[in-house]
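Spelled out from the first residue to the last, the chains are:
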Amino acid sequence: VLAIEEHNPTALLNLAACLDALGQLDESIQCLEKLLRGRPSWKDGHYNLAIAYLKKDDKAAAEVALKRELELNPQHRAARDLLNRVYITTAKSPDEGEKDPPTDD
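The numbers attached to residues start from 1 for each chain and follow its sequence in the written order. Under the rules for a predicted model, residues below a pLDDT of 70 receive no local features and side-chain atom pairs below 80 are neither given nor counted, while totals for whole chains, interfaces and linings still include all residues. Hydrogen atoms and water are omitted, and side-chain values are computed over all heavy atoms in the structure.

Trainee: In this structure, what is going on with the packing of helix H1 (residues 9–21) against helix H2 (residues 25–38)? I would like to understand it.
Mentor: Each pair of packed helices can be described by the angle between their axes along with the distance between the axes. As a packed pair, H1 and H2 sit with axes 8 Å apart at the nearest point and diverge in direction by 165°. By the angle class used here, H1 and H2 are roughly antiparallel. In terms of crossing hand, the pair formed by H1 and H2 is left-handed. Note on element contacts: H2 touches H1 through Leu 25, Glu 27, Ser 28, Cys 31, Leu 32, Lys 34 and Leu 35, opposite Pro 9, Leu 12, Leu 13, Leu 15, Ala 16, Leu 19 and Asp 20. Partitioned by chemical class, the residues of the contact of H1 with H2 number 10 nonpolar, 1 polar and 3 charged. The axes used here are C-alpha line fits, helices contributing only the stretch in contact, and every angle between their N-to-C directions lies in the interval 0 to 180 degrees. Helix and strand definitions follow DSSP, with helices as H or I runs of at least four residues and strands as E runs of at least two, each counted in order from the N terminus. With respect to orientation, any angle under 35 degrees is reported as roughly parallel, any angle over 145 as roughly antiparallel, any angle of 65 to 115 as roughly perpendicular, and every other angle as oblique. Here a crossing is called left-handed whenever its near helix is offset anticlockwise from the far helix by less than a right angle, and right-handed whenever the offset is clockwise. By definition, residues are in contact when any of their heavy atoms lie within 4.5 Å. Ten residues, namely Ala, Val, Leu, Ile, Met, Phe, Trp, Tyr, Cys and Pro, are considered nonpolar, four, namely Asp, Glu, Lys and Arg, are considered charged, and the remaining ones, Gly among them, are considered polar.

Trainee: Please explain the packing of H2 against helix H3 (residues 45–55) as it appears in this structure.
Mentor: Contact geometry of H2 with H3 gives a least axis separation of 10 Å together with a crossing angle of 160°. Comparing the axis directions of H2 and H3 gives the class roughly antiparallel. Note on packing geometry: the crossing formed by H2 with H3 is left-handed. Along the contact surface, H2 presents Leu 25, Ile 29, Leu 32, Glu 33 and Leu 36, while H3 presents Gly 45, His 46, Asn 48, Leu 49, Ala 52, Tyr 53 and Lys 55. A per-class count over the contact of H2 with H3 returns 7 nonpolar, 3 polar and 2 charged.

Now the structure itself:
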């Protein structure tokens, strides 16, 4: 299919899922990014990309992808829930905040 239509979203999504299952996460992400270059408004595309980024522990990229998904589809509950989890897991705990500078006492 991809030989006929390079940016076929269904083929790229399926290929990305297969690559992910084989542990080839970078290649899976490349497929999802290619899908979105060809079809930037593809429903669930940014959501799936965010999940892949989270598997690589790239929370910043996942946050961007989730925000884009919610711009396109504000009712996407799973994207909203996942974005909230990203926010919660990246929030600094009180002990991680800035500490008072040392004094000369």
